[in-house]
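Summary of the model geometry
One letter stands for each residue in the lines below.
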Amino acid sequence: MTGQRHKPFFLWRHLNRLRWVSLSIVFAMLVVLPFLHVYQTYVAAHAYDLLSPPEKRIYDVMEALTQPFVSDPAEDLDAVKGNTWSGTFWGLKLSDPLAALGQMAAGRTLYWPFLVTALLPVAFTALFGRFFCGWICPATFIYELNSNFASWLRWAGFKPGNRHFDKRIKYAVLALGVIGSAVTGSVLVAAVYPPAIIGREIYYVIALGGFSAGMVFFLATLLFDLLVARRGFCRYLCPGGALYSLLGRYRVVRIRRIVENCNDCAKCNAICEFGLDPLRDGFGQECNNCSACIAVCPRDALTFTIRPTDTAAQGPGHLGWQYRREVEAPGGQEAREEEAA
Amino acid sequence: MERRTVLKALIAGAAAAALAPTTVRAARFRPTLRYLRPPGALAEKDFLARCINCGQCGEACPNRCIKYFGLENGLGSIDTPYIIPREKGCILCMKCGEVCPTGAIGRIAREAEAILDGVKMGHARVDESLCLSYQGKTCGVCYRACPLPDIAITVGRLEQPHVTDKCVGCGLCERSCIQMPQAIRVIPDRG
């Protein structure tokens, strides 16, 4: 065990920070877009002189933000519209795979012009697994802050909920949502899918002046996460997470434990938002490649790898006491002396 | 503890049983909403099956006339777009159809021909007993608000409006009517 040990690429442990940048950018985009839309309507109406002071402030700020990039705000700012549920980015239309599935169920037909907009996300999910949940989802942004808030509460002596349920419940929710959409003939699954709700509700409150029914549902899920189960909605109930898990089951990019470096400290299991078991190589289809476990590992024992299945359980980490006692026991004394010297 | 939960369940059940008939009755006798779907929208059933509630139509609307249902129109049309013509009419810019990813709102070119062919949001109807022009007070506001004047609406003596069957139901006339209650209304045609 001396000398050369396999070390993960040094940037992997900083990916978690990059992930927060990504989440923040997506969330900021969802907040800015409605303001941009409101600004566009003011421009289209040539209404600056008629605006109230707060409306003038929106106009001025948005004008200052966009002036270097657009010449005709009313038309040019149409380039980016929508949210993570379905959006238009400079002519490229992207949609959530769950939107495609829900619509297929509701209409019981295949409408190809829409289904192709979900192809790119599906391909990325096949490669990176449930990455949407960790890297893009605007609800994750709030849920993770909520999870941090729960850990502060724990530090302050309160007891936020930490119950565990069966992770397979969310597949039942997905099935129910799809069946419900098919029965009612309306994409009902969008009403219980937090990222879709967040995208809409931010627009409602900024451009239309008030939250809608979805916000009540979202607040309920926040309370559920806080009082019943940590990240409970994502872990146990989210229909979109279920679909992404299924699509990403044989993802190519996944996290692997380097058993030679591992000392069984279990920090990875404690940090994992999705309640997975990196310590015993238990990643499974639900891992969203968020890389929080890589960032927290003190021994460089977790890294990315390229293969379609998880490594089988590798037993205790070679730096841990359990491995020394059970496997190295006969010659263990020498090895320890060597390391100490 | 056991007894308490049982009691709670009993009370909740009794309350639900007591409230259920009134809520059902309220739903049955609630006046129907007179709302329009955005221009080029499919017939209501197909529209609901197609629309994924992404909200891009409202975000593209330069007139901000497109709003979204909560639960007031039933679970099926939650978060789907609608227009209340008395509050704000559609200016027929056709941007919502352009941005709609699912074809729930069809793509229609912003030309008079295409709009007259493809848009059927509803049809305006004049209440002659309320209309000022029919009471001898020359008005003509609806005619001037119409984006298709002399095609969808013509005026006769004292600017009395006559809606033709070419009307696409954008609702700008209803929005502009200076009478309260309005003398011209769009009767929705959701297919």
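Residue numbers restart at each chain and count upward from 1, following the sequence in its written direction. To read the labels, note that chains go from A and ligands from 1, taken in the order they are written. Only residues with pLDDT of at least 70 get local features here, since the model is predicted, and only at 80 or more are side-chain atom pairs given and counted; chain-wide, interface and lining totals rely on the full set of residues.

What follows is about the overall build of chain B. Think of it this way: any DSSP run of H or I at least four residues long counts as a helix, any run of E at least two long counts as a strand, and we number them from the N terminus. The helix and strand tally for chain B stands at seven helices and six strands. In chain B, the succession of α and β elements from N to C terminus is α-α-α-β-β-α-α-β-α-β-β-α-β. Remark: C-beta atoms are placed from the backbone, and a residue is labelled buried if 20 or more other C-beta atoms sit within 10 Å of its own, exposed if 12 or fewer do, or partly exposed between those counts. The buried share of chain B, taken over its 191 residues, is 42%. The contact rule is simple: place each C-beta atom from the backbone, and if two of them lie within 7 Å, those residues are in contact. In chain B, of all internal contacts separated by at least 6 residues, the share reaching a separation of at least 24 is 65%.

So, about the nonpolar core. Nonpolar cores are identified as sets of buried Ala, Val, Leu, Ile, Met, Phe, Trp, Tyr and Cys residues joined via C-beta atoms within 7 Å. With 117 residues, the main nonpolar core has V189, A190 and C293 of chain A together with C57, C96, I153 and C173 of chain B as its most contacted residues. The residues contacting I153 of chain B, other than those within four sequence positions of it, are C142, Y143, C146, P161, H162, V163, T164, C167 and C173 of chain B.

With that settled, consider the sheet that holds strand 3 (residues 92-95) of chain A. Residues and elements named next belong to chain A. Pairing between two strands is assigned when DSSP locates at least 2 bridges connecting them. Read from one edge of the open sheet, three strands run 1-2-3, paired in antiparallel fashion. Of all strands in the sheet, those with a lone pairing partner are strand 1 (80-82) and strand 3, marking the two edges. Recorded for the sheet is a direction-independent mean angle of 15 degrees between the axes of neighbouring strands. Bridge analysis of strand 2 (residues 86-89) against strand 3 gives four bridges, and the strand direction is antiparallel. The partner of F89 across the bridge, within strand 3, is L92. Each axis is a line fitted through C-alpha atoms, taken for helices only over the stretch in contact, and angles between the N-to-C directions span 0 to 180 degrees.

Our next topic: the environment of C131 of chain B. Turning to its location among the elements, C131 of chain B is positioned in the loop between strand 3 (122-126) and helix 6 (141-145). Those residues within four positions of C131 of chain B in sequence are excluded, and the remaining contacts are V126 and A183 of chain B.

This paragraph deals with the interface of chain B and chain A. On the side of chain A, 41 residues touch chain B, which itself brings 28 residues to the contact. Counting residues per element, the ones that place at least two in the side of chain B that touches chain A are helix 2 (44-50), helix 3 (56-60) and strand 1 (67-68) of chain B. The dominant element in the side of chain B that touches chain A, judged by the number of residues it contributes, is helix 2 of chain B, at four residues. Grouping the amino acids of the side of chain B that touches chain A by side-chain chemistry returns 13 nonpolar, nine polar and six charged. Under the convention adopted here, Pro, Cys and the residues Ala, Val, Leu, Ile, Met, Phe, Trp and Tyr are nonpolar, Asp, Glu, Lys and Arg are charged, and Gly plus all remaining residues are polar.

Bringing the pairing of strand 3 of chain A into the picture now. Residues K93 and S95 of chain A line the buried face of strand 3 of chain A, whereas the alternating positions L92 and L94 of chain A sit on a face that is not buried. In textbook terms, the turn of a hairpin is the stretch between consecutive antiparallel strands, and for strand 2 of chain A and strand 3 of chain A this stretch comprises two residues, one of which, W90 of chain A, has a positive phi near 50 degrees.

This part takes up helix 13 (residues 239-247) of chain A. For helix 13 of chain A, a buried count of eight out of nine residues is recorded, marking the element as mostly surrounded by other parts of the structure. Tucked inside the fold, the buried residues of helix 13 of chain A contact helix 4 (97-107), helix 6 (119-128), helix 7 (131-135), helix 9 (169-184), helix 10 (194-208) and helix 12 (232-237) of chain A.

Our next topic: the confidence of the model for chain B. By definition, pLDDT measures how confident the predictor is in each residue, and it falls between 0 and 100. Taken over all residues, the pLDDT of chain B has a mean of 87, while the share at 70 or more is 84%. If you check the scores for this complex, the pTM reads 0.87 and the ipTM reads 0.85.

Our next topic: helix 11 (residues 213-227) of chain A. Residues and elements named next belong to chain A. In this model helix 11 runs 22 Å from its N-terminal to its C-terminal C-alpha over 15 residues, within 8% of the 21 Å that 1.5 Å per residue would give. Inspection of helix 11 places G214, T221 and D225 among the buried residues, and these make up the whole buried set. The arc enclosing the buried residues of helix 11, seen along the axis, measures out at 40 degrees, which places them on a common side. Along helix 11, exposed side chains directed more than 90 degrees from the buried face belong to L219 and A220. Expected helix span is computed as 1.5 Å times (number of residues minus one). In this context, the arc is that of the directions from the helix axis out to the C-beta atoms.

On to the packing of helix 8 (residues 138-155) of chain A against helix 11 of chain A. Residue and element names in this part refer to chain A. Axis separation between helix 8 and helix 11 bottoms out at 9 Å; the angle between their running directions is 35 degrees. Judged by the twist between their axes, the crossing of helix 8 over helix 11 is right-handed. Of helix 11, the residues touching helix 8 (which contributes Y143, N146, S147 and A150) are L222, D225 and L226. Helix crossings get a hand from a simple test, with the near helix turned counterclockwise from the far one by less than a right angle marking a left-handed crossing and a clockwise turn marking a right-handed one.

Let us now look at the packing of helix 1 (residues 15-44) of chain A against helix 8 of chain A. Residue and element names in this part refer to chain A. Across the interface, helix 1 lies against helix 8 with an axial gap of 8 Å and an inter-helix angle of 115 degrees. Viewed along their axes, helix 1 and helix 8 form a crossing whose handedness is left-handed. Contact with helix 1, carried on its side by L23, V26, F27 and L30, involves P138, T140 and F141 of helix 8 and no other residues of that element. Of the residues belonging to the contact of helix 1 with helix 8, the class tally is six nonpolar, one polar and no charged.

Residues and elements named next belong to chain A. Inspection of the secondary structure puts E273 in the loop between helix 14 (267-271) and helix 15 (292-296). You can call E273 partly exposed: it has 19 C-beta atoms within 10 Å. With 108 residues separating them along the chain, E273 and F165 place their C-alpha atoms 14 Å apart. Setting aside residues up to four positions removed in sequence, E273 forms contacts with E144, S147, R231, C290 and A292.

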